[in-house]
Amino acid sequence: MTEPTPTTRPWKRFERDLTGRFTVQVRPSWLQLAKAAAAAILTWFVCGAIFSEQLPIFGAIAALLVMQDNIDLSLTRGIERVVGVLLGVSVAMGAAALFGPQSWLFILAIIVAMAVGWLLRMTPSSANQVAISALLVIALGGSSLSYGVERLIETAIGATIGVLINMFVVAPVRTSSVRVAITELATHSAQVLNRIADALAEPRDAAWLATMLAEARSLQEERSRTHRLIRTARESLRFNPRSRRYRQDLAADDELFQRLQPIVTQVIGMARALSDNYDPDIVRDPSVVGMVEEMRRAARDLERLVTPVSEPEAQEPPALTTPFTITQPNPDHWVLIGSLMEDLRRVRGRITGELE
C-alpha cells in the first residue's frame, strides 16, 4: 500500500470532516428508532380513523420529530411543532384567502412565515416549522378553516403520542457514561501528576516536556466533555418517570466532578509552569526529592477518589496527611519550586477535602 501524497491528505481530511457533520461516533440506540417508528405508525392509524378524508401526514411528522434523547427535549419539540403548524396554517390560509390559488403563493408563504418567526423571536428551527407547515398546507390544497383545524388537531395527536411513548416505553436515561468519564478524568490527571514527578526525578529533554504538556492540556477538553455528559444526564432525568433511581447516583457523580475540576486546573498549571521554567539541574535540589514523593502520593490518592479499593486500603488515611515544607529555598529555582509547591498544596487540599 502506497503512502498518501501531500495533495491527497487535505481531501481525506475534508472527507472526514464532511461525513462527521451527519454521522456520530456512537451509533444511536435502536430502541429510540423503533419507538419513533411505532409512534409514527400508531399516529397514522389513530389520525386516519378520525380524519379519514386526508392522509395523516402532519401527525406522522410530529410523532417522528418529538422522539428525542430525553423527555424534556421531546416536550419542547412537541410544543414547537404544534405552534409551528398553528402559525403555518394561519399563514397559508391567509395567503390563499387574499390572493387565491396563485403559482407564486409558495414564495409569499415562505417570506411571510419567516417574517412571523423573526417578529416573534422564534428559534431558527421553530421559524422553519412555520414555513414548512405553510408549504405543506398549500401543496396539499387545503384552504378552508376546517382543514386547518383538523391539521392542527392531527399534529397535536402525533406530538402527544410521540411524547407518551418516549416517556413510558423505556424512557431514555443518559447517566451510565458519566461515572466512566469522571473516572477517566481523575485517572488521566493522576498520570499527568506522575509525569510531572518523573520530570523532577530525572532530567528530561524538550521533546519529552512538550509531550507531557500536551497530555496535561488534553485534560481541559476531557473536563469539558465530562461537563457536557453531566448536563445531558441531568436533562435526561427531567420529567422522566425512571429518574428516582438515578438521581442520587448522578448527584454523587456531580459532587465528585466539582471536586475534580479545580484539581485539573492545578495539574494543568503545574505542567505549564514546569515546561516553561524547566532546568535539568533542578533534579539535584534536595527539596525536589521530597516533592517528587509527595506528587506520587497525590497521584495515588487522586486515583483512590474514583477507584474502588479493598477494605484495608479504605481504612488508610490519604497519603498527604502532613504538608511538605521546604526549609531553605533554592536560589536558582525557587520560583518554579514555589509555584509547584503552592499548586501541590491546593491539590492536596482538594483531595483531603480541606479546601471544600
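Given the structure is predicted, the values throughout are model-derived calculations rather than measurements.

Caption draft 1: Structural view of a nonpolar patch on the surface. A contiguous nonpolar surface patch, about 640 Å² in accessible area, is contributed by Leu98, Phe99, Trp104, Phe106, Ile107 and Ile111. Breaking the nonpolar patch down by element, the ones donating at least two residues are helix H4 (71-99) and helix H5 (105-119). Looking at which element gives the most residues to the nonpolar patch, the answer is H5, with three residues. Summarising the element assignment, Phe106 is placed in helix H5.

Caption draft 2: How the structure looks around unusual backbone geometry. Despite not being glycine, Arg121 shows a phi value in the positive range, around 60 degrees. Residue position: Arg121 is located in the loop between H5 and helix H6 (124-140). For Arg121, a relative accessible area of 79% translates into the label exposed. Positive phi values are uncommon outside glycine, yet Phe239 reaches one of about 65 degrees. With respect to the element layout, Phe239 can be found in the loop between helix H9 (206-237) and helix H10 (244-277).

Caption draft 3: Region of the structure containing the packing of helix H2 (residues 30-50) against helix H7 (residues 145-168). The N-to-C vectors of H2 and H7 enclose an angle of 145 degrees; their axes lie 9 Å apart at closest approach. At the point where H2 passes H7, the crossing takes the right-handed sense. Contacts from Gln32, Lys35, Ala38, Ala39, Leu42, Thr43, Val46, Cys47 and Ile50 in H2 reach Glu154, Ile157, Gly158, Ile161, Gly162, Ile165 and Asn166 in H7. Class assignment for the residues of the contact of H2 with H7 results in nine nonpolar, five polar and two charged.

Caption draft 4: Fine view of the packing of helix H8 (residues 176-201) against H9. In contact at an axis separation of 9 Å, H8 and H9 are set at 160 degrees when each is read in the N-to-C sense. It follows from the interaxial angle that H8 and H9 lie roughly antiparallel. Crossing angle aside, the handedness with which H8 passes H9 is left-handed. Its residues assigned to classes, the contact of H8 with H9 shows 15 nonpolar, five polar and seven charged.

Caption draft 5: Expanded view of the packing of aromatic side chains. Evaluated as defined, the whole model comprises one aromatic pair. Ring geometry for Phe99 versus Trp104: centroids 5.4 Å apart, planes at 65 degrees, classification edge-to-face. Geometry around Tyr147 places Arg151 over its ring, the cationic atom sitting 4.7 Å from the centre.

Caption draft 6: Geometry of the environment of Ala197. Within the fold, Ala197 resides in helix H8. Each C-alpha atom of the pair Ala197 and Met295 lies 6.1 Å from the other, and the pair is 98 residues apart in sequence. Apart from residues lying up to four places away in sequence, Ala197 is in contact with Val292, Met295 and Arg296.

Caption draft 7: Layout of the UniProt feature "transmembrane region" (unreviewed entry) in the protein. Under the present numbering, the feature "transmembrane region" (unreviewed entry) in UniProt falls on residues 36-66, 78-98, 104-123, 130-149 and 155-173. Its end C-alpha atoms 30 Å apart, residues 78-98 is made of 100% helix and 0% strand. Regarding residues 155-173, the helix share stands at 74% and the strand share at 0%, and the terminal C-alpha atoms are separated by 26 Å.

Caption draft 8: Expanded view of the pattern of salt bridges. Enumeration over the complete set of coordinates arrives at 18 salt bridges. Between Arg297 and Glu294 there is a salt bridge, and its shortest N-O distance comes to 3.4 Å. Here Arg297 pairs with Glu294, and both are found in helix H11 (residues 286-304), just three residues apart, close to one helical turn. Accessibility expressed as a relative area gives 32% for Arg297, which makes it partly exposed. Among the residues examined, Glu294 registers a relative accessible area of 8% and is labelled buried. Through salt bridges with shared partners, a single network forms among Glu150, Arg151 and Glu154.

Definitions and limits used
- Residues numbered from 1 in each chain as written.
- Predicted model: local features only at pLDDT ≥ 70, side-chain atom pairs only at ≥ 80, totals over all residues.
- Heavy atoms only, no water.
- Patch = residues over 30% accessible without salt bridge, like charges linked within 9 Å, V, L, I, M, F, W, Y side chains within 5 Å.
- Areas by Shrake-Rupley, 256 points an atom, 1.4 Å probe, with all protein chains shown as cover.
- Salt bridge = Lys/Arg side-chain N within 4 Å of Asp/Glu carboxyl O.
- Helix = DSSP H or I, 4+ residues; strand = E, 2+ residues; numbered from the N terminus.
- Buried < 20%, exposed > 50% of the residue type's maximum accessible area, 1.4 Å probe, protein only.
- Axes fitted to C-alpha atoms, helices over the stretch in contact; angles between N-to-C directions.
- Left-handed = near helix turned anticlockwise from the far one by under 90°.
- Contact = heavy atoms within 4.5 Å.
- Nonpolar A, V, L, I, M, F, W, Y, C, P; charged D, E, K, R; others polar.
- Parallel < 35°, antiparallel > 145°, perpendicular 65-115°, else oblique.
- Phe/Tyr/Trp six-rings, centres within 6.5 Å; stacked < 30°, edge-to-face > 60°.
- Lys NZ or Arg CZ within 6 Å of the ring centre and 35° of its normal.
- UniProt positions renumbered as here; feature names shortened; annotations may be inferred.

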